[in-house]
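# Tertiary structure, described
Here's the letter readout for the chains.
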Amino acid sequence: MDQELIIKLIELLGTFAFAISGIRHAAAKRFDWFGGYVCGVAVAIGGGTIRDVMLGTTPFWMTNAIYLICTAVALLTVVLFGKWMEPLKNAWFVFDTLGLALFTIAGIQKSLAFDQPFWVAIIMGCITGSAGGVIRDVLLNNEPVIFHKEIYAMACVIGGVAYWGLAELGVAAEISAVVSFIVTCLIRFLAVRYHLSLPVLKEK
Amino acid sequence: MDQELIIKLIELLGTFAFAISGIRHAAAKRFDWFGGYVCGVAVAIGGGTIRDVMLGTTPFWMTNAIYLICTAVALLTVVLFGKWMEPLKNAWFVFDTLGLALFTIAGIQKSLAFDQPFWVAIIMGCITGSAGGVIRDVLLNNEPVIFHKEIYAMACVIGGVAYWGLAELGVAAEISAVVSFIVTCLIRFLAVRYHLSLPVLKEK
Amino acid sequence: MDQELIIKLIELLGTFAFAISGIRHAAAKRFDWFGGYVCGVAVAIGGGTIRDVMLGTTPFWMTNAIYLICTAVALLTVVLFGKWMEPLKNAWFVFDTLGLALFTIAGIQKSLAFDQPFWVAIIMGCITGSAGGVIRDVLLNNEPVIFHKEIYAMACVIGGVAYWGLAELGVAAEISAVVSFIVTCLIRFLAVRYHLSLPVLKEK
């Protein structure tokens, strides 16, 4: 009961932070409210939608209006309180990271529930967590940030591999999930704190 | 019978106008005939394809070749008569608007037929009408026009809400559809006539 | 037996060449290893994934890890031997063309197996062969190359039409496939050798 409540809360915080990220990037391009809403939605539900389409099931946001409502609240927040949001940068970063870790696990668990092997589940977890940001960047006509900045999607992958390893060792799914959650968050925090990034590909 | 003929005619005119829009944007980037055709197809069938994939059904254009043939005719028209098309600007605009309104209703009705709730149906209507133009802009490496110009997608949303409201009041589906069609067209015409657009998001 | 081995070999060579193309384009934009891998994956499996989603079946790469492993090997190859790859340009071109032709036929055959009419199958063949490169260019924030350079996707279409014509004449599927393969390769080789491209759309 308590546990479910915490998960639901993290999910909403994560969705909210993801939507905020989309809307603020849209603001930087001077999109209108509609454009901002679509970019917010893209980050908040884009990854999960790609996952669900590939799993052959109805996209999750079509079964519960909460995700689109949450994005609408995020839009309202940016419109009304946009100028006071800059100092809260660290809070958004924390929520975004919690969302990233939770969405990764949600993607893994849903894929496993659809009888996918673990390596597919990890990829789906990574897509759930990070593909929305790529769609946002494509819509904004930018190069996707996660392809050339601090470690982001790799945090999902490593968190997912931790989940897999523990599951293989016979650890209960709930404990594996919590450990995986912590691993993903930790890697992401360290990556930003110490500007860790993957090596850059060299031309020729 | 007559009614079906009118709907079919509007659908073809709309598809044609959507395809023309894709091809002319491609011409502005000096794409070749193939690139033009793909951009035309993207606008003409892109939105409906996303809708159908999300609804879990076969994309509509795979069941009837008319949409791709219509786009081929549009390509031929641009290639042969491109230089005479500029003065017809207003005609394209009218056809495009008729298409927008009809595709929105088609998207709503198909979603309802798949037992989706009305709020999902309205989103699907909006996607059917306006997502194709976004795909076009992504393929052309432009910022999507509908995110920062006159009201376009919001016309679909408001037309869809009108449909919903009337349906809730017990109005027959056909009448709701006609009213919704007129509402969408009207908003779009007014938006272009008076340069109405949504407020722009402010940076910080 | 021997024949299956040849097909498997061409498929792997093609996947490898497609992945290399994605990774090297990513390197030109100074993406990191993760970005390179995603671009490689996009080219190698993007087209087939769109096809499978439209056919309503599980994306092929989720049923066999070989495609992702092959892309990982391609990434390793670029990272370790990137500077020695330029002189091998012609080899990549040949592999890429073999892949293009094979993927086209695979797309056609899979679509026919799903009871699609031939005109849909040809489009699916073309998507299987060439949509991956478009996704790559979208992710890299470039205008899609195949919309304004030498004939590429049209080679798939013509190869597909050859397949169709022979099938209509009652020729066995295997022979039709081989002829179609040769036609696609030949057109692509001639297009690059003689800089053949489609006419460009004229503005206004």
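Residues numbered from 1 in each chain as written. Chains lettered and ligands numbered in written order. Predicted model: local features only at pLDDT ≥ 70, side-chain atom pairs only at ≥ 80, totals over all residues. Heavy atoms only, no water.

### Notes on the overall build of chain A
Filter applied, for reference: Secondary structure elements follow DSSP: runs of H or I no shorter than four residues count as helices, runs of E no shorter than two count as strands, and numbering proceeds from the N terminus. Computation of the radius of gyration draws on C-alpha atoms alone. For the globule rule, the value is 2.2 Å times the number of residues to the power 0.38. Between buried and exposed lies partly exposed: a residue is buried under 20% and exposed over 50% of the maximum accessible area for its type, with that area taken using a 1.4 Å probe on protein chains only.
Looking only at helices and strands, one finds seven helices and zero strands in chain A. Taken over the C-alpha trace, chain A has a radius of gyration of 17 Å; the compact-globule value for 204 residues is 17 Å, and the two agree within 12%. Principal-axis analysis of the C-alpha atoms gives chain A an extent of 50 × 50 × 30 Å. Taken across its 204 residues, chain A has 52% of its residues classed as buried.

### Some thoughts on the interface of chain A and chain C
Using the following cut-off: By definition, residues are in contact when any of their heavy atoms lie within 4.5 Å. Joining two parts hides part of their accessible area as seen by a 1.4 Å probe, and the buried area is that hidden amount summed over both. The term salt bridge refers to a pairing of a side-chain nitrogen on Lys or Arg with a carboxyl oxygen on Asp or Glu at a separation within 4 Å. Residues adjacent in sequence count toward polar contacts only when both atoms are side-chain atoms; beyond that, a polar contact is any pair of N or O atoms within 3.5 Å, and within protein one must be able to donate a hydrogen and the other to accept it. Any residue that is not Ala, Val, Leu, Ile, Met, Phe, Trp, Tyr, Cys, Pro, Asp, Glu, Lys or Arg is counted as polar, Gly included; the first ten are nonpolar and the last four charged.
If you look at the interface, chain A gives 28 residues, while chain C gives 30 residues. Summed over both partners, the interface of chain A with chain C buries about 2500 Å², with 72% contributed by carbon and sulfur atoms. Joining chain A to chain C, the criterion identifies one salt bridge. In this structure, E143 of chain A and K29 of chain C form a salt bridge, with 3.1 Å as the shortest nitrogen-oxygen distance. Where chain A touches chain C, the interface holds five residue pairs in polar contact (both at pLDDT 80 or more). Of all the secondary-structure elements, those providing two or more residues to the side of chain A that touches chain C are α2 (33-55), α5 (118-139) and α6 (153-168) of chain A. In terms of residue count, the dominant contributor to the side of chain A that touches chain C is α5 of chain A (seven residues). Partitioning the side of chain A that touches chain C into residue classes produces 19 nonpolar, four polar and five charged.

### Points about the interface of chain B and chain A
With 27 residues of chain B at the interface, the matching set in chain A holds 30 residues. Those elements giving two or more residues to the side of chain B that touches chain A turn out to be α2 (33-55), α5 (118-139) and α6 (153-168) of chain B. The leading source of residues in the side of chain B that touches chain A is α5 of chain B, at six residues. Of the residues assigned to the side of chain B that touches chain A, the class counts are 18 nonpolar, four polar and five charged.

### A short note on the relation of the copies chain B and chain A
What counts, and what does not: Alignment of the copies relies on least squares applied to C-alpha atoms, considering only residues that score at least 70 for pLDDT in both.
Least-squares fitting of chain B to chain A yields an RMSD of 0.0 Å, with the transformation described by 0.0 Å of translation along the axis and a rotation of 120°. On this basis, the relationship between the two copies can be described by a three-fold rotation axis. Residue by residue, only 11% of the interface of chain B is reproduced at the interface of chain A, so the copies engage with different surfaces.

### A few points about the side chain of S130 of chain A
Tracing the backbone through its elements, the reader meets S130 of chain A in helix α5. Not counting the four nearest positions on each side in its chain, S130 of chain A is found in contact with I146, Y152 and A153 of chain A.

### Here's the deal with the relation of the copies chain A and chain C
For the pair chain A and chain C, the relating rotation is 120°, the translation along its axis is 0.0 Å, and the fit reaches an RMSD of 0.0 Å. Interface overlap between copies is the fraction of interface residues in one copy that are interface residues in the other; for chain A against chain C it is only 11%, indicating separate surfaces.

### Thoughts on the UniProt feature "transmembrane region" (unreviewed entry) in chain A
Residue and element names in this part refer to chain A. As a reminder of what qualifies: UniProt positions are given in the numbering used here, feature names are shortened, and annotations may be inferred rather than shown by experiment.
Residues annotated in UniProt with the feature "transmembrane region" (unreviewed entry) correspond here to residues 34-54, 60-81, 93-112, 118-139, 151-169 and 175-196. Between the end C-alpha atoms of residues 34-54 there is a gap of 27 Å, over a span that is 100% helix and 0% strand. In the segment residues 60-81, helix accounts for 73% and strand for 0%; the C-alpha atoms at its two ends are 29 Å apart.

### Details of the nonpolar core
Put simply, the rule reads: By nonpolar core is meant a set of buried Ala, Val, Leu, Ile, Met, Phe, Trp, Tyr and Cys residues that side-chain atoms within 4.5 Å join together.
Ranked by size, the top nonpolar core spans 135 residues in total, and within it I45 and W61 of chain A, I45 and W61 of chain B together with I45 and W61 of chain C carry the most contacts. Apart from the residues lying within four places of it in its own chain, the contact partners of I45 of chain A are F60, W61, Y67 and L68 of chain A.

### A closer look at the UniProt feature "domain: Glycine transporter" (unreviewed entry) in chain A
Residue and element names in this part refer to chain A. With numbering aligned to this structure, UniProt lists the feature "domain: Glycine transporter" (unreviewed entry) at residues 9-81 and 94-166. Secondary structure within residues 9-81 divides into 81% helix and 0% strand; the distance between the first and last C-alpha atoms comes to 22 Å. Along residues 94-166 one finds 77% helix and 0% strand; the C-alpha atoms at either end are 25 Å apart.

### A word on the environment of F16 of chain B
Residue and element names in this part refer to chain B. By the element assignment, F16 lies in helix α1 (residues 2-28). On the accessibility criterion, F16 (16% relative accessible area) is buried. It is 21 Å that separates the C-alpha atoms of F16 and D2, two residues lying 14 residues apart in sequence. When residues no more than four places from it in sequence are discounted, the contact partners of F16 are C70, V73, A74, T77 and W92.

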